[in-house]
Number of protein chains: 2
Amino acid sequence: MDLHEMDRYIKSIIKEAGHRIRNSFLSDISIESKSDADDLVTNIDKEIEQFFISRINRDFPGHRIYGEEGFGDDIQDHKGIIWLLDPIDGTMNFVHQKRNFAISLGVYEEGIGKLGYIYDVVNDDLYHGVLGGGAYYNDERLSKLKDTVIGESIIAMNATWAVPNSYFDHKGTLQLIQDVRGIRSYGSAALELAYLASGRVDAYLSMRLSPWDIAGGMVIAGEVGAIATNFNGAPANLLEQDTFLAANPSIHSQILEKYILPK
Amino acid sequence: MDLHEMDRYIKSIIKEAGHRIRNSFLSDISIESKSDADDLVTNIDKEIEQFFISRINRDFPGHRIYGEEGFGDDIQDHKGIIWLLDPIDGTMNFVHQKRNFAISLGVYEEGIGKLGYIYDVVNDDLYHGVLGGGAYYNDERLSKLKDTVIGESIIAMNATWAVPNSYFDHKGTLQLIQDVRGIRSYGSAALELAYLASGRVDAYLSMRLSPWDIAGGMVIAGEVGAIATNFNGAPANLLEQDTFLAANPSIHSQILEKYILPK
């Protein structure tokens, strides 16, 4: 892989996809539900995924694609080069707000994240990272994350995870909410990882994320020192849906050990 | 009051204040805590409030000012014309994120909101409303809110309100979190009211807000049909800190009656 050349190529198709999404605001968007009533998908999610796949298949034959809408490949292992794509991360925001959603893309080789992109379409803000080459907010290089403490941290987390549930003891989450400086929720895992990478939040956690939600952001956040695991402390899952915690390295293990309590 | 002339005047000083805030990013900001460790204030909050007060006193003698930082008047009643000002609503975001905060300003006459402004400084987005004259997002007139249902609503609410507390039964809030389509939290009451007015969220609630947090947004949201009360259903409190619910009129009373349960 020539990372520099691929980086240029990817930025160009992401910007083209963003243009197509902004244009879609002028036409009717058809909305359906997937796994449950609140898990939305639109014709635009599908069209944008197909746009990426047609370009990648044409220009990078042999690469595999793991996309949210299922038009890509059936991925069961980390072999070779895999593009992990969420054409619209934050579809609920896309539908209700026409903003606060992103294109999320990660390129992995043998399970190692090489390139990561999060494109905030409406604000025309591109976050990207290259393994060993740093992370960027548009043209600005992002600094390494500075140490913090729980009591001065802002955590991105959906209030849903404070509700009693079958996954873990919600009393830990309730305690976390009380102990941190602030809780925010933006409704897009990709943007929340971009905000972690740019130091606007100090951690992001979710009980249920898919590989395409996190693949791009993990490369970007990793370049500024963030740590990403599942709730058991194992490397974040890039093959199937799992729990997820990405955080400033100075508080990652503390959140895991003190607040994410097994049921 | 010549509303048209005042509107022009206010927009001009708000833009000047925004310019001063953006410039402050280039210098050191000194941060203190107020009532508790997470209730932040900076020298910039104070300087901007003093800037507004000096202009208002000079150009509108006889008007009173009710400002978050306490440099204005001691307000105990609704008499005459009162400017309710939060120079930086969302100070925690201002400090940690350098974005997602707003100038919030409402002008009330005998307790009636005549003019309202929320200025998202970093995005240079101005929301404003004139009693009887409509609400605007920059130059775009905002539409009346369309009817919705709880199950398809996005609610802006801090996860803090899901924690057991002495104000009301948090089990109602937990049920609301489960019943709505999504929960968001942006960390600025003013911006959350602006998002309600522009239909990006369908309700915003908080257990503890001050008059300057809500005064501007209430005029704007009121112009598109939103209803704002405290948790007892009484008109939102413009004299002292209180509970607050502003919502799309089709779901306001349902949220109050079904989910905000007295302890």
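Sequence order sets the numbering: in each chain, residues are counted from 1 along the sequence as written. The lettering of chains begins at A and the numbering of ligands begins at 1, in the order of writing. Selection of residues for local features in this predicted model requires a pLDDT of at least 70, selection of side-chain atom pairs for listing and counting requires 80 or more, and totals for whole chains, interfaces and linings are taken over all residues. In computing side-chain properties, one takes all heavy atoms of the structure into account and sets aside hydrogens as well as water.

The next point concerns the sheet that holds strand S6 (residues 112–120) of chain A. All names here are of chain A. Only strands that DSSP links by at least two bridges are regarded as paired with each other. Each helix corresponds to a stretch of at least 4 residues labelled H or I by DSSP, and each strand to a stretch of at least 2 residues labelled E; elements are numbered beginning at the N terminus. What the seven strands build is an open sheet, ordered S3-S4-S5-S6-S7-S8-S9; its pairing is mixed. Each edge of the open sheet is held by one strand with a lone partner, namely strand S3 (64–67) and strand S9 (140–141). Pairing geometry for strand S5 (residues 102–109) and S6, over eight bridges, is antiparallel. For Ala-102, the partnering residue across the bridge sits in S6 and is Asp-120. Here, residues are in contact when the closest pair of their heavy atoms is within 4.5 Å. Whenever a helix is involved, its axis is fitted only over the stretch in contact; in every case the axis is a line through C-alpha atoms, and angles between N-to-C directions fall within 0 to 180 degrees. Packing of helix H1 (residues 3–24) onto the sheet brings it into contact with strand S4 (81–89), S5, S6 and strand S7 (125–130), and relative to S6 it is tilted by some 30°. Sheet strands touched by helix H6 (residues 211–223): S3, S4, S5, S6, S7 and strand S8 (134–137). Its angle to S6, the strand with the most contacts, is close to 105°.

Let's shift gears to the relation of the copies chain B and chain A. When the copies are overlaid, the least-squares fit takes in C-alpha atoms only where the residue has pLDDT of at least 70 in both copies. Its rotation angle being 180°, the transformation that places chain B on chain A also includes 0.0 Å of axial translation and leaves an RMSD of 0.0 Å. Such values leave the two copies arranged in the relation of a two-fold axis. An overlap of 97% is found between the interface residues of chain B and their copies at the interface of chain A, pointing to a shared contact surface.

Residue and element names in this part refer to chain B. Taking strand neighbours across the sheet as the criterion, the seven strands line up as S3-S4-S5-S6-S7-S8-S9 in an open arrangement whose pairing is mixed. Each of the sheet's edge strands pairs with one partner strand only, and the pair in question is strand S3 (64–67) and strand S9 (140–141). Examined bridge by bridge, S3 and strand S4 (residues 81–89) share four bridges and lie parallel to one another. Opposite Tyr-66, over in S4, you have Leu-84 as the bridge partner.

Here we come to the domain arrangement of chain A. All names here are of chain A. Source of the domain bounds: an automatic or database domain assignment. If you check the domain split of chain A, you get domain 1 (3–141) and domain 2 (150–262). Relative to domain 2, the C-alpha centre of domain 1 lies at a distance of 21 Å. Taken together, the 37 residues of domain 1 in the interface contact 24 residues of domain 2. For the domain 1 and domain 2 pair, buried surface summed over both sides reaches about 2200 Å², with 64% attributable to carbon and sulfur atoms. Take the accessible area each of two parts loses on contact, using a 1.4 Å probe, and add the two losses: that sum is the buried area. For the domain 1 face of the interface with domain 2, the top three residues by lost area are Tyr-108, Ile-118 and Tyr-127, together amounting to 25%.

With that settled, consider the packing of H1 of chain A against helix H2 (residues 43–59) of chain A. All names here are of chain A. Relative orientation of the contacting elements H1 and H2 amounts to 155°, with a least axis distance of 11 Å. In terms of orientation, H1 and H2 fall into the roughly antiparallel class. The hand of the H1/H2 crossing is right-handed. Residues Tyr-9, Ile-13, Ile-14, Glu-16, Ala-17, Arg-20, Ile-21 and Ser-24 of H1 form the contact with H2, whose participating residues are Ile-44, Ile-48, Phe-51, Phe-52, Arg-55, Ile-56 and Asp-59. Think of it as three bins: nonpolar holds Ala, Val, Leu, Ile, Met, Phe, Trp, Tyr, Cys and Pro, charged holds Asp, Glu, Lys and Arg, and polar takes everything else, Gly as well. For the contact of H1 with H2, the residue count by class is 10 nonpolar, one polar and four charged. Throughout this description, any angle smaller than 35 degrees is read as roughly parallel, any larger than 145 degrees as roughly antiparallel, any in the 65 to 115 degree range as roughly perpendicular, and the remainder as oblique. Definitions for this section: a left-handed crossing has its near helix turned counterclockwise from the far helix by less than a right angle. A right-handed crossing has that turn clockwise.

This part is about the pairing of strand S6 (residues 112–120) of chain B. Residue and element names in this part refer to chain B. Any residue under 20% of the maximum accessible area for its type is buried, any over 50% is exposed, and the rest in between are partly exposed; the area is computed with a 1.4 Å probe on protein chains only. S6 sits mainly inside the fold: eight of its nine residues count as buried. Here strand S5 (residues 102–109) folds back onto S6, and the loop between the two strands holds two residues, one of which, Glu-110, carries a positive phi near 50°. Bridge count between S6 and strand S7 (residues 125–130): six bridges; the pairing is antiparallel. If you follow Asp-120 over to S7, its bridge partner there is Asp-125. Where S6 folds back on S7, the antiparallel hairpin that results is connected by four residues, among which Asp-124 adopts a positive phi of roughly 55°.

Once that is clear, we can look at the packing of aromatic side chains. Between the rings of Phe, Tyr and Trp (Trp by its six-membered ring), a pair exists once the centres lie within 6.5 Å; its type follows the angle of the planes, with under 30 degrees stacked, over 60 edge-to-face, and the other angles tilted. All told, the structure shown has 23 aromatic pairs over all chains when counted by the stated rule. Through a chain of ring-to-ring contacts, three or more aromatic side chains come together here, namely Tyr-186 and Tyr-195 of chain A together with Tyr-186 and Tyr-195 of chain B. Geometrically, a charge over a ring is one whose NZ (Lys) or CZ (Arg) sits within 6 Å of the ring centre while staying within 35 degrees of the ring normal. For Arg-200 of chain A, the ring lying beneath its charged end belongs to Tyr-137 of chain A, and the centroid distance is 5.1 Å.

Attention now goes to the interface of chain B and chain A. Contacts between the two partners involve 34 residues from chain B, matched on the other side by 33 residues from chain A. Salt bridge, as used here, is a side-chain nitrogen of Lys or Arg placed within 4 Å of a carboxyl oxygen of Asp or Glu. Remark: the boundary between chain B and chain A carries two salt bridges. Between Arg-181 of chain B and Asp-38 of chain A there is a salt bridge whose closest N-O contact spans 3.7 Å. Here a polar contact means two N or O atoms within 3.5 Å. Within protein one must be a hydrogen donor candidate and the other an acceptor candidate, and residues neighboring in sequence count only if both atoms are side-chain atoms. Inspection of the chain B/chain A interface yields 13 residue pairs in polar contact (both at pLDDT 80 or more). Mapped onto the side of chain B that touches chain A, the elements with two or more residues apiece are helix H3 (91–97), helix H4 (170–179) and strand S12 (182–184) of chain B. When residues in the side of chain B that touches chain A are grouped by element, the largest group, four residues, is from H3 of chain B. A class-by-class count of the residues in the side of chain B that touches chain A yields 15 nonpolar, 12 polar and seven charged.

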